[in-house]
Amino acid sequence: MSSMEIDFKQYQLRCQLRGHEDDVRGICVCGSEGIATSSRDRTVRFWSLDSSDKRKYVSSKMLLGHSSFVGPLAWIAPDEEFPEGGIVSGGMDTMVFVWDLRTGEKVQSLKGHQLQVTGVVLDGGDIISSSVDCTLRRWRKGQPVESWEAHKSAIQAVIKLPSGELVSGSTDTTLKLWRGKTCLHTFSGHTDTVRGLGVMHGLGILSASHDGSIMLWAQSGEVLMVMVGHTSIVYSVDAHVSGLIVSGSEDRFTKIWKDGVCVQSLEHPGCVWDAKFLENGDIVTACSDGVVRIWTVDQENIADPVELEAYASELSEYKLSRKSVGGLKLVDLPGLEALQIPGTSDGQTKIVREGDNGVAYSWNMREQKWDKIGEVVDGPDDSMKRSVLDGVQYDYVFDVDIGDGEPIRKLPYNRSDNPYDTADKWLLKENLPLSYRQQIVEFILQNTGQKDFNIDPTFRDPYTGSSAYVPGQPSYASGIAAKPTFKHIPKRGMLVFDAAQFDGILKKISEFNNTLLADSDFSLTEPEISRLGAIVKILKDTSHYHTSRFADVDIALLLKLLKSWPVAMIFPVIDMLRMTVLHPDGATVLLRHVEVNDVVMEMIMKATTDPALPANLLTSIRAVTNFFKNSSYYSWLQKHRSDILDAFSSCLASPNKNLQLAYSTLILNYAVLLIEKQDEEGQSHVLSAALEIAEQETLEIDSRFRALVAIGSLMLEGLVKKLAMDFDVGNIAKAAKASKEAKIAEIGADIELLTKQS
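Residues numbered from 1 in each chain as written. Predicted model: local features only at pLDDT ≥ 70, side-chain atom pairs only at ≥ 80, totals over all residues. Heavy atoms only, no water.

Enquirer: An account of the sheet that holds strand β1 (residues 12–18) is needed here, citing residue identities and associated values.
Expert: The strand order across the open sheet formed by four strands is β1-β28-β27-β26, and the pairing between neighbours is antiparallel. The open sheet has two free edges, formed respectively by β1 and β26 (272–277), since each of these has just one partner strand. The average angle at which neighbouring strand axes cross in this sheet is 20°, direction not considered. The sheet strands contacting helix α2 (residues 305–322) are β1 and β28 (291–296), and the helix crosses β1 at an angle near 80°. (Pairing = 2+ DSSP bridges. Helix = DSSP H or I, 4+ residues; strand = E, 2+ residues; numbered from the N terminus. Axes fitted to C-alpha atoms, helices over the stretch in contact; angles between N-to-C directions. Contact = heavy atoms within 4.5 Å.)

Right, dumping it as structure tokens:
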């Protein structure tokens, strides 16, 4: 264990502050006086230490005045004007308010911003505010002093450095350093919106971004550190004098960082909008469930066991309500008691809930007991059924291009949602102007085929008070690009098989190795076995794929086993190779071996030679499918297309559904690649293979679906539409459209629409 970990104490829950009726959006630490929090419920609350229990805080003031949700806050330390201190708040309503904490009254209303206020800081006696309207404004004694367009896109945050300069962060992906109205430096490095800013004592500036990373910058503009670990938008970042950093994210975690490494993750039952350090090192978090939580390392201040237990079960219930396994909702699965009932046939399977997981059991007729098979995971086979964003499944996840060189945004939507609510929530999450709302609703209706959606004439926009926009009337504003009305085509990006039971793979290799021990030429040495364990460790740590590296000997070891081991024993080795090609450096190191002497083609031929073992076929076709993840293999895949597709063509006739699905996924990936490469001969080959799959109406749904998506994409963006028409694709589309399976019917309709376009 490194010295870095020894002196880090784990944070635990200290207390929960309940009172807000909606998402808690912002936190302001008010010296030792207390904590102020802002919320979507339009209020600011001030919390003071509870005199009867020093672990807890009580709500001592509620500040009412904003007409929409409240975001950024700043603390005015007690002085003559504010004997008990004051609060500055900024809101969605474009207003900046100054509050006197002694009376709880609003003493100044600063009006001037055109859109939502995203940041407020004190600069001496002045207030500086930032807004989605792209401006920074300076206010003095309640009056506007100056304002300037600081970025060409929405400003999301502003902070003041100890040295006196201001820093702004924007949707344009940059930070800017200001002295007065002069921009001293522009910091470029993030690939998406800069959402939160913080000061790292004695070191520099922290930024949190929609790209999922946190960066530490020197004032000169040099990147000192990049922290990667969150799996979604990072909303906020803060630092403590001890050197610890804290961040809050859409992924429901508050992460604590030391020397650039995440040392602890605090899970929440909802998105974490803000996280701040108290002076004593405790952490305050603001969550979308409306609760403010304080976390501590001080043993005396940790919440009592009952409260800790209650929080653990709240988290568990929250996760259960969202989790599905193998396409089944976890909450709907029976508990372990279901295993008291004997099975009716040998090999009958049953999935039961154990804790937060679904576990499969098989009935053993001879011994009259349920044998545990293992945990059920949603493999890549399930990912086509519904779109996934930040670990949550949706009916749709749209790419929205808002123009002006902005990054593409992901917009999730379920058919059961109200498009107006979805548009509002999404615009708030992305901190985009609500004037886009009408187009977003129209975009949703158009792309989900809801032509007959009924507009509620009594509807009033909760933020602007205006009535609803009616789709069909001319739209305006900055031209959000609406896509054509195809539901499933063209396919973008590649599908991969990225779920792996590493422990099972290692166990199998070790089992085979023991069989081979008599023949020392082929068996593994102790150091080689521990080498395989080290490879698995790298492959499991997906959050460090951008920095972890493979040695050439690692890949050489896997290839040696593929070459020398008996053909019946190579499938777990191929499975390791399948996961290695998903690792950027693993793929690069392997490519060097492929270029010198084509070990992968050799492996394919070995694994598919008749009579091929199903385990070899499955692992090798999934491995080849995973090569599509890395563009440096594209020319190799294109060159060997004919041999690869011929080698695996027997998979279609196999009764094994996993083999059928892997084959149609390979076909779909080839379609996407060959469209990009404008390879007409290759597209023709893939089209005929896809048509062969699609014609089999008894085939497993996902296999047929992927083949149909390949056909539609090749017709829409490829060079083989006429060929598809000659192959009578119209009848295949018609049969698909009549399917009881919604997504087969939808892709059938997409293809039919294509056949009708000239």
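Enquirer: Outline the pairing of strand β20 (residues 213–217), listing residues and values.
Expert: The element β20 is largely enclosed, with a buried count of five among its five residues. Covered by surrounding structure in β20 are Ser213, Met215 and Trp217 together with Ile214 and Leu216, the residues of both alternating faces. Across four bridges, strand β19 (residues 204–209) lies against β20 in antiparallel orientation. Residue pairing for β20: isoleucine 205 is matched across the bridge by tryptophan 217. Counting the residues between successive antiparallel strands, the hairpin from β19 to β20 contains three residues, one of them, glycine 212, with a positive phi of roughly 90°. As judged from the five bridges shared by β20 and strand β21 (residues 223–228), these two strands associate in the antiparallel manner. Paired with tryptophan 217 across the two strands is valine 223, which belongs to β21. (Buried < 20%, exposed > 50% of the residue type's maximum accessible area, 1.4 Å probe, protein only.)

Enquirer: How would you summarise the side chain of asparagine 669 if you had to cite specific residues and measurements?
Expert: Among the structural elements, asparagine 669 can be located in helix α14 (residues 657–677). Taking the relative accessible area as the measure of exposure, asparagine 669 reaches 0% and is therefore buried. In contact with asparagine 669, other than residues within four places in its own chain, are Met494, Leu495, Thr625 and Phe628.

Enquirer: I'd love a proper account of the UniProt feature "repeat: WD" (unreviewed entry) in the protein, names of residues and values included.
Expert: The UniProt record marks residues 17–57, 87–109, 148–178 and 227–258 with the feature "repeat: WD" (unreviewed entry), using the residue numbering of this structure. This span, residues 148–178, is 0% helix and 58% strand, and a straight line between its end C-alpha atoms measures 11 Å. Each end of residues 227–258 is marked by a C-alpha atom, and these two atoms are 10 Å apart; helix forms 0% of the span and strand 59%. (UniProt positions renumbered as here; feature names shortened; annotations may be inferred.)

Enquirer: Give me the packing of helix α7 (residues 552–564) against helix α10 (residues 599–608): which residues, what numbers.
Expert: Where α7 contacts α10, the two axes come as close as 10 Å, and the packing angle between them is 35°. In the packing of α7 onto α10, the handedness of the crossing is left-handed. Contacts between α7 and α10 involve Leu559, Leu562, Lys563 and Ser564 from the first element and Val599, Glu602, Met603 and Lys606 from the second. Taken together, the residues of the contact of α7 with α10 sort by class into four nonpolar, one polar and three charged. (Left-handed = near helix turned anticlockwise from the far one by under 90°. Nonpolar A, V, L, I, M, F, W, Y, C, P; charged D, E, K, R; others polar.)

Enquirer: Quick one: what's the story with the packing of aromatic side chains, residue by residue and with numbers?
Expert: Taken as a whole and judged by the stated rule, the model has 13 aromatic pairs. Among the aromatic side chains, those forming a connected cluster through ring pairs are Tyr396, Phe398, Tyr413 and Phe443. We note lysine 255 situated over the ring of phenylalanine 253; from NZ or CZ to the ring centre the distance is 5.3 Å. Looking at lysine 743, its charged tip hangs above the ring of phenylalanine 705, at a distance of 4.8 Å from the centre. (Phe/Tyr/Trp six-rings, centres within 6.5 Å; stacked < 30°, edge-to-face > 60°. Lys NZ or Arg CZ within 6 Å of the ring centre and 35° of its normal.)

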